[in-house]
Amino acid sequence: MAILKALENSNLKEGNTTVHIDSKGAILAIKATNPKENVTLITAIKSVAKSHQAADRRVILNWIPSHVGILGNEEADILAKSALSCSTVSIKVQPSITHLKEMAKSYAKLQEESEVRRHYLQDSRTSKWYVDVTNLGPHDITKQTTRKLSIITHRLRLGYLCTWQMIGNEGRLCQYCDREAIQPLEHYLLDCPETQSLRSNLTENELTPAQITRHILNNIRTHGNLLMSHTPLR
Ligand SMILES: [Zn+2]
């Protein structure tokens, strides 16, 4: 915006115009053939620069280092800082694509959180589980995570029900220890001797299924191999 104002204010003067800028990023953005950010502002700057050139005046963008005592630069810095305390906005700048994406992302996250909390308050089992396990935080899945482990991670975060639970059948035998597992996920997390190491380093007070799941997911690198060899019951 300062570059645009400088060019506009020098439009009526004779001779070439040199604008001293301490932002290499701004200079590169103006020089870019197809800018992706701040397109409206950069187009306006280029338009004013063209009007200079049409009147046979050159526009030179000169990079200078900041905070080294260059007189005009220090003054511009002081003015920019003082503008932060203004109570009103006198110049509106269109948000950049990146800014818009960030706004959309944070809005979507807020919507998601309020939706989950609404279900939580309505006593939805899965929403309660999801909030208790994740605290609405992001998952720890990276590009290096195998597909199998990322599926297990998602299922644990969602506190899935097994097919036979959904159709109301009685429990089945656990495939790992042969005990009856009426609530398969709870058995897998709390009781199954084959998954004992998932509960290591937990205190007596941290033995609810959701707390154990949170512990496992927070230590996925330690527990990943067991989760892969003994996938949660389905
Ligand atoms: Zn078992």
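Basis of the calculations
Residues numbered from 1 in each chain as written. Predicted model: local features only at pLDDT ≥ 70, side-chain atom pairs only at ≥ 80, totals over all residues. Helix = DSSP H or I, 4+ residues; strand = E, 2+ residues; numbered from the N terminus. Rg over C-alpha atoms; globule rule 2.2 N^0.38 Å. Buried ≥ 20, exposed ≤ 12 C-beta atoms within 10 Å, placed from the backbone. Contact = placed C-beta atoms within 7 Å. Core = buried A, V, L, I, M, F, W, Y, C linked by C-beta atoms within 7 Å. Axes fitted to C-alpha atoms, helices over the stretch in contact; angles between N-to-C directions. Parallel < 35°, antiparallel > 145°, perpendicular 65-115°, else oblique. Nonpolar A, V, L, I, M, F, W, Y, C, P; charged D, E, K, R; others polar. Domains from an automatic or database assignment. Arc of directions from axis to C-beta. pLDDT = per-residue confidence, 0-100.

Side note on the overall build of the protein
For the protein, the helix and strand inventory stands at 11 helices and four strands. The C-alpha atoms of the protein give 30 Å as radius of gyration, which overshoots the globular expectation for 234 residues (17 Å, by more than 25%). Along the first, second and third principal axes, the C-alpha atoms of the protein reach 90 × 35 × 30 Å. Of all 234 residues assigned to the protein, the portion counted as buried reaches 12%. Excluding contacts between residues fewer than 6 apart, the proportion of contacts in the protein whose partners are at least 24 apart in sequence is 62%.

Here we look at the nonpolar core
Grouped together as the largest cluster of nonpolar side chains are 12 residues: Ile152, Leu156, Ala181, Leu185, Tyr188, Leu189, Cys192, Leu198, Ile212, Ile216, Leu227 and Leu233. Broken down by secondary-structure element, the contributors of at least two residues to this core are helix 7 (147-158), helix 9 (184-191) and helix 10 (209-218). In terms of residue count, helix 9 provides more of this core than any other element does, three residues in total. Discounting residues that sit within four places of it in the chain, Ala181 has contacts with Gly171, Arg172, Leu173, Cys174, His187 and Leu233. By size, the runner-up hydrophobic cluster in this structure holds nine residues, among which are Leu7, Ile21, Ile30 and Ala49.

Structural notes on the packing of helix 7 against helix 11 (residues 220-229)
In the contact formed by helix 7 and helix 11, the axes pass within 10 Å of each other and the chain directions differ by 100°. With respect to helix 11, the axis of helix 7 lies roughly perpendicular. On helix 11, the residues that touch Lys148, Leu149, Ile152 and Thr153 of helix 7 are Ile220, Gly224, Leu227 and Met228. For the contact of helix 7 with helix 11, the per-class residue count stands at five nonpolar, two polar and one charged.

Notes on unusual backbone geometry
For Asp56, which is not glycine, the phi torsion reads 65° and is therefore positive. Residue placement: Asp56 occurs in the loop between helix 3 (39-54) and strand 2 (59-63). Residue class for Asp56 comes out exposed when judged on the 8 C-beta atoms lying within 10 Å of it. Phi is positive for Leu136, close to 60°, though the residue is something other than glycine. By the secondary structure assignment, Leu136 is in the loop between helix 6 (125-134) and helix 7. For Leu136, a count of 13 C-beta atoms within 10 Å corresponds to the partly exposed category.

So, the domain arrangement of the protein
Taken domain by domain, the protein comprises domain 1 (2-94), domain 2 (97-136) and domain 3 (139-234). On a C-alpha basis, the centroid separation for the pair domain 2 and domain 3 is 23 Å. On the domain 3 side, the residues contacting the six residues of domain 2 number seven residues.

Section: helix 1 (residues 2-9)
Where helix 1 is concerned, the buried positions are Ile3, Leu4 and Leu7. Projection of helix 1 onto a plane perpendicular to its axis shows the buried side chains occupying an angular sector of 100°, all on one side. Seen from the open side of helix 1, the exposed residues pointing more than 90 degrees away from its buried face are Lys5 and Asn9. Those residues of helix 1 that are buried are in contact with strand 1 (17-21), helix 2 (24-31), helix 3 and strand 2.

Remarks on the environment of Thr153
Examined against the element boundaries, Thr153 turns out to sit in helix 7. What Thr153 contacts, discounting residues up to four positions off in sequence, is His139, Ile141, Leu217 and Ile220.

Some words on the confidence of the model for the protein
A residue-level look at the protein finds 99% of positions with pLDDT of 70 or above and a mean pLDDT of 85. The secondary structure element of the protein with the lowest average pLDDT is helix 8 (residues 163-166), at 77, and the one with the highest is helix 7, at 93.

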